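# Observations on the three-dimensional arrangement
If you want the building blocks of each chain, they are given just below.
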Amino acid sequence: MHKPVALITGASTGIGYEMAKIFAARGYDLVVVARTAKNLKELHDHLSPLVKVTYIPLDLSQPKAALTLFNKTKKAKLEIDVLVNNAGFGTSGDFVDLELKRELQEIDLNVRVLTELCHLYGAEMAKRKKGKILNVASTAAFQPGPWMSVYYATKAYVLHFSEGLAEELRPRGVQVSVLCPGATVTEFAGTAGVQKSKLFKSKILKPATAEAVAIYGVNKFLKGKLLIIHGAVNKFLAFGNRFTARIVARKIAGYLNRA
Ligand SMILES: NC(=O)c1ccc[n+]([C@@H]2O[C@H](COP(=O)([O-])OP(=O)(O)OC[C@H]3O[C@@H](n4cnc5c(N)ncnc54)[C@H](OP(=O)(O)O)[C@@H]3O)[C@@H](O)[C@H]2O)c1
């Protein structure tokens, strides 16, 4: 019998890794993508007794990587029922002092590749009148974030793009959802250099585990929810932003982004 297939980008660690385990437990075959082949192979070995796992080591920030991935799944005759655009990273510091190449890579991965994959797989899903896409944004999407300006802006794009796309694709039989985690204990903070920020050190906004975010996210996604915000405090803050002056929201974000 044909099992549904979930393609997850950024499945080698963190939230994506946890989501891969949950989709497998729910009977989905998997296509997992990231740069670290060793972690993907481990995931493959761990989950293979349960479901079919195809792992594709790939640097998605490279030009044409999205098309390469799409062609690989086509060649392997894998029909993708669920696309999870989870791969992403952040950077922190004074924008003008950061390495421009890395900032552009961040936009490439968080924005361009996500958009390309939604186009490639979304078109196939629309043709079949069936499919689901989950894009991973962040609570960073709800306001500007000084000292992480590019990261916050990329996630604002993911949120707005996903909500727009959801309206376009719903009548064509395709669900689009967007997951907004708050601070979560993964490799993200280390990569972005924000382990010591007030946000990641906060007792009120206590970082969640990747497992909790993934369970909540996949559950709500499979129930058809469009905007998925993890955590009561995060929901309150995202909602509260609508009634907060922009200057206040961005000052608070800037405060939280620094040590
Ligand atoms: N952790 C948080 O506080 C938090 C909060 C809100 C939103 N998010 C979002 O959640 C998503 C997952 O992040 P995470 O927290 O789970 O962090 P993570 O542990 O650093 O995971 C990031 C994943 O993306 C992959 N990735 C990074 N660069 C890649 C590239 N060039 N090509 C292919 N794959 C790449 C990484 O694998 P390789 O290194 O093996 O390539 C890894 O699997 C991201 O979109 C992030 O922005 C995180």
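Our structure's up above, just so we're on the same page.
First, a word on what this report is: a plain description of the structure on this page.

## A few points about the overall build of the protein chain
- Each helix and strand counted, the protein chain has 10 helices and nine strands in total.
- The principal-axis extent of the C-alpha atoms belonging to the protein chain is close to 55 × 40 × 30 Å.
- Within the protein chain, contacts between residues at least 6 apart in sequence are counted, and of these 68% link residues at least 24 apart.

## Quick notes on the site of the ligand
- In the vicinity of the ligand, 29 residues are found, and the nearest of them are G10, G14, R35, T36 and G88.
- Residue assignment for the shell around the ligand shows that the elements contributing at least two residues are α1 (14-25) and α6 (188-192).
- The biggest single contributor to the shell around the ligand is α1, with three residues.
- Across the shell around the ligand, the residue classes tally to 12 nonpolar, 14 polar and three charged.

## Brief notes about helix α2 (residues 37-47)
- Among all positions in α2, only L40, L43 and L47 are buried. Each buried residue of α2 sits inside an arc of 55° when the element is viewed along its axis, so together they form one side. When the buried face of α2 is taken as reference, the exposed residues oriented beyond 90 degrees from it are K38 and D45.
- Where α2 is buried, its residues meet α1, β2 (29-34) and β3 (53-57).

## Topic: the sheet that holds β3
- The seven strands are arranged β3-β2-β1-β4-β5-β6-β9 in an open sheet whose pairing can be described as parallel. Every interior strand has two partners, whereas the edge strands, β3 and β9 (227-229), have only one. With direction set aside, neighbouring strand axes in the sheet form an average angle of 15°.
- Two strands pair when backbone bridges link them, and β2 and β3 are joined in this way by five bridges, in the parallel orientation. In the sheet register, L30 faces β3, and the bridge partner there is V53.
- Along the sheet, α1 makes contact with β1 (5-9), β2, β4 (82-85) and β5 (131-136), crossing β1 at roughly 170°.

## Points about the pairing of strand β6 (residues 174-180)
- Among the seven residues that make up β6, six are buried, leaving the element largely enclosed by the rest of the structure.
- The pairing of β5 with β6 spans six bridges and is parallel. Opposite L134, over in β6, you have S177 as the bridge partner.
- As a crossover connection, the stretch from β5 through helix α5 (residues 149-169) into β6 is right-handed.
- With three bridges joining them, β6 and β9 adopt parallel strand pairing. Within the sheet, the bridge partner assigned to V178 lies in β9 and is L227.

## Here's the deal with the nonpolar core
- Of all hydrophobic cores here, the largest spans 71 residues; its most connected members are A6, I8, A11, A20, L30, V32 and L43.
- Examining the composition of this core, we find that seven residues originate from one element, helix α4 (residues 100-128), more than from any other.
- Once you skip the residues sitting within four places of it in the chain, A6 turns out to touch F23, Y28, L30, D81, V82 and V84.

## Quick look at the packing of helix α3 (residues 65-75) against α4
- Where α3 meets α4, the axes come as close as 9 Å, and the angle between the chain directions of the two elements is 35°. Note on packing geometry: the crossing formed by α3 with α4 is right-handed. Contacts from A65, A66 and F70 in α3 reach V113, E116, L117 and L120 in α4.
- Among the residues forming the contact of α3 with α4, the class breakdown is six nonpolar, no polar and one charged.

## Examining the environment of I15
- Note that I15 resides in helix α1.
- Under the C-beta neighbour-count criterion, I15 is labelled buried, with 28 such atoms within 10 Å.
- Separated by 223 residues in the primary sequence, I15 and A238 place their C-alpha atoms 20 Å from one another.
- What I15 contacts, discounting residues up to four positions off in sequence, is N86, V136, P181, T184, T186, A210, V213 and A214.

## Points about the packing of α4 against α5
- Viewed as axis vectors pointing N to C, α4 and α5 meet at an angle of 10°, and their least axial separation amounts to 9 Å. Considered as vectors, α4 and α5 are oriented roughly parallel to each other. On the side of α4, the interface is formed by E103, E106, I107, N110, V111, L114, T115, C118, G122 and A126, while α5 contributes V150, Y151, T154, Y157, V158, F161, L165 and L169.

## A look at α4
- With 29 residues, α4 should cover 42 Å at 1.5 Å per step; its first-to-last C-alpha distance of 40 Å lies within 8% of that length.
- The sharpest bend along α4 measures roughly 35° and falls at D108.
- On its buried face, α4 is in contact with α3, β4, β5, α5 and β6.
- After α4 finishes, the residue K129 shows a positive phi value of roughly 55°.

Calculation rules
- Residues numbered from 1 in each chain as written.
- Predicted model: local features only at pLDDT ≥ 70, side-chain atom pairs only at ≥ 80, totals over all residues.
- Helix = DSSP H or I, 4+ residues; strand = E, 2+ residues; numbered from the N terminus.
- Contact = placed C-beta atoms within 7 Å.
- Near = placed C-beta within 6 Å.
- Nonpolar A, V, L, I, M, F, W, Y, C, P; charged D, E, K, R; others polar.
- Buried ≥ 20, exposed ≤ 12 C-beta atoms within 10 Å, placed from the backbone.
- Arc of directions from axis to C-beta.
- Pairing = 2+ DSSP bridges.
- Axes fitted to C-alpha atoms, helices over the stretch in contact; angles between N-to-C directions.
- Right-handed = clockwise from strand over helix to strand, strands pointing away.
- Core = buried A, V, L, I, M, F, W, Y, C linked by C-beta atoms within 7 Å.
- Left-handed = near helix turned anticlockwise from the far one by under 90°.
- Parallel < 35°, antiparallel > 145°, perpendicular 65-115°, else oblique.
- Expected span 1.5 Å × (residues − 1).
- Bend = angle between axes of the 7 residues up to and from the residue.

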